[in-house]
Amino acid sequence: MTLSNPILSIQNLNHYYGEAALKRQVLSNINFKIHPQEIVILTGPSGSGKTTLLTLIGGLRSVQQGQLQFLGQYLNAATPTEMIKTRRKIGYIFQAHNLMPFLTASQNVQLSFEFQPSLSRQEAIARSEQMLAAVRLKHRLNYYPQSLSGGEKQRVAIARALVTDPPLILADEPTASLDSKTGRDVVELMQVLAKDKGSAVLLVTHDNRILDVADRIIRMEDGCLICD
Ligand code: ADP
Ligand code: MG
């Protein structure tokens, strides 16, 4: 693995919820880096701050204290326009698949290209269908989410996250609603495709059976990172 410049670098990150007397610290002095193409698993008990950390990294929440640098840019100083640009360089996979129910599998994946006007519609369709074939859903292109199994929906979500070749994938408990065999399958697929596309992955999971897909495992407890 090339340990070149990190794509993500976090220094002394703190985060709080609530105001005044109700103010509560949920992240304490977080420091860590992710290098290109690295697969990092983040574990830890429920309520320890994992999702909060992911939403800060993903630009879905504003940094309150500390530094968060993604692809050389400081997100704590980013304007709303810069934040939007950053978000497009990240693929998101959530616990629930978050597919649009009124769009087919192919159309859901094509949505990722919505903000890339340089790409023709034909090209967007072709790349989406290619990506769905890569997650073994070639036979489900025109199916709506309601007609897909849990594992298939999560594979569509993976295709949607990866189709634009983002440098970073954030996955928050993507296997939580799947049985263990399907969950393992989905994560292995994500691992292979991320390596193939050169994307780094930060994956939150409680599932001990998938820890081996990681290059590195970090653990969160009470808002603090404990590195193995
Ligand atoms: P995890 O993903 O590890 O379960 P979270 O980041 O979701 O942890 O939550 C960390 C802590 O912050 C928990 O105690 C949770 O109740 C609290 N929390 C999460 N989101 C909010 C919010 N929007 N407002 C206030 N407290 C929150
Ligand atoms: Mg969470």
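The structure reproduced in this document is the subject of the present report. (Residues numbered from 1 in each chain as written. Chains lettered and ligands numbered in written order. Predicted model: local features only at pLDDT ≥ 70, side-chain atom pairs only at ≥ 80, totals over all residues. Heavy atoms only, no water.)

## Topic: the layout of surface pockets
Of the voids in this model, the largest pocket is the one considered here, and its volume is about 610 Å³. If you trace the largest pocket, you find 18 residues lining it, with Ile90, Tyr92, Leu111, Ser112 and Phe115 closest to the centre. Elements with a contribution of two residues or more to the lining of the largest pocket: helix H2 (80-87), strand S6 (90-93) and helix H5 (150-162). Of the residues forming the lining of the largest pocket, the biggest block, 3 residues, is contributed by S6. Here the residues of the lining of the largest pocket sort into 9 nonpolar, 5 polar and 4 charged. In this model, the second largest pocket occupies a volume close to 150 Å³. Surrounding the second largest pocket, Gln107, Gln110, Leu111, Phe113, Glu114, Gln116, Leu119, Ser120, Arg121 and Ala124 form its lining. Contributing elements (two or more residues each) for the lining of the second largest pocket: helix H3 (105-110) and helix H4 (121-134). Residue composition of the lining of the second largest pocket, grouped by class: 4 nonpolar, 4 polar and 2 charged. (1 Å grid on protein atoms, 1.4 Å probe; cavity = no way out; pocket = protein on both sides within 12 Å on 5 of 7 lines; lining within 4 Å. Points joined across faces, edges and corners; volume = space filled by probe spheres on them. Helix = DSSP H or I, 4+ residues; strand = E, 2+ residues; numbered from the N terminus. Nonpolar A, V, L, I, M, F, W, Y, C, P; charged D, E, K, R; others polar.)

## Considering empty space enclosed by the protein
Summed over the entire model, instances satisfying the criterion amount to 1 cavity of 30 Å³ or more. Of the voids in this model, the largest cavity is the one considered here, and its volume is about 30 Å³. In terms of lining, the largest cavity is formed by Ile39, Val187, Met190, Gln191, Val201, Leu203 and Val213. Only helix H6 (180-197) and strand S8 (200-204) provide two or more residues apiece to the lining of the largest cavity. Examining the composition of the lining of the largest cavity, we find that 3 residues originate from one element, H6, more than from any other. Considered class by class, the residues forming the lining of the largest cavity number 6 nonpolar, 1 polar and no charged.

## Some details on H5
For H5, with 13 residues, the first-to-last C-alpha span of 18 Å sits near the 18 Å given by 1.5 Å per residue. Where burial is concerned, most of H5 is hidden: 12 out of the 13 residues are buried. For H5, every residue scored as buried is listed here: Gly151, Glu152, Lys153, Gln154, Arg155, Val156, Ala157, Ile158, Ala159, Arg160, Ala161 and Leu162. Against the buried residues of H5 lie S6, H3, H4, strand S7 (168-172) and H6. (Expected span 1.5 Å × (residues − 1). Buried < 20%, exposed > 50% of the residue type's maximum accessible area, 1.4 Å probe, protein only. Contact = heavy atoms within 4.5 Å.)

## Quick look at unusual backbone geometry
In this model, Asn12 sits at a positive phi of 50°, which is unusual for a non-glycine residue. The class for Asn12 is partly exposed, based on a relative accessible area of 41%. Phi at Arg136 is positive, roughly 60°, even though this residue is not glycine. Structurally, Arg136 can be placed in the loop between H4 and H5.

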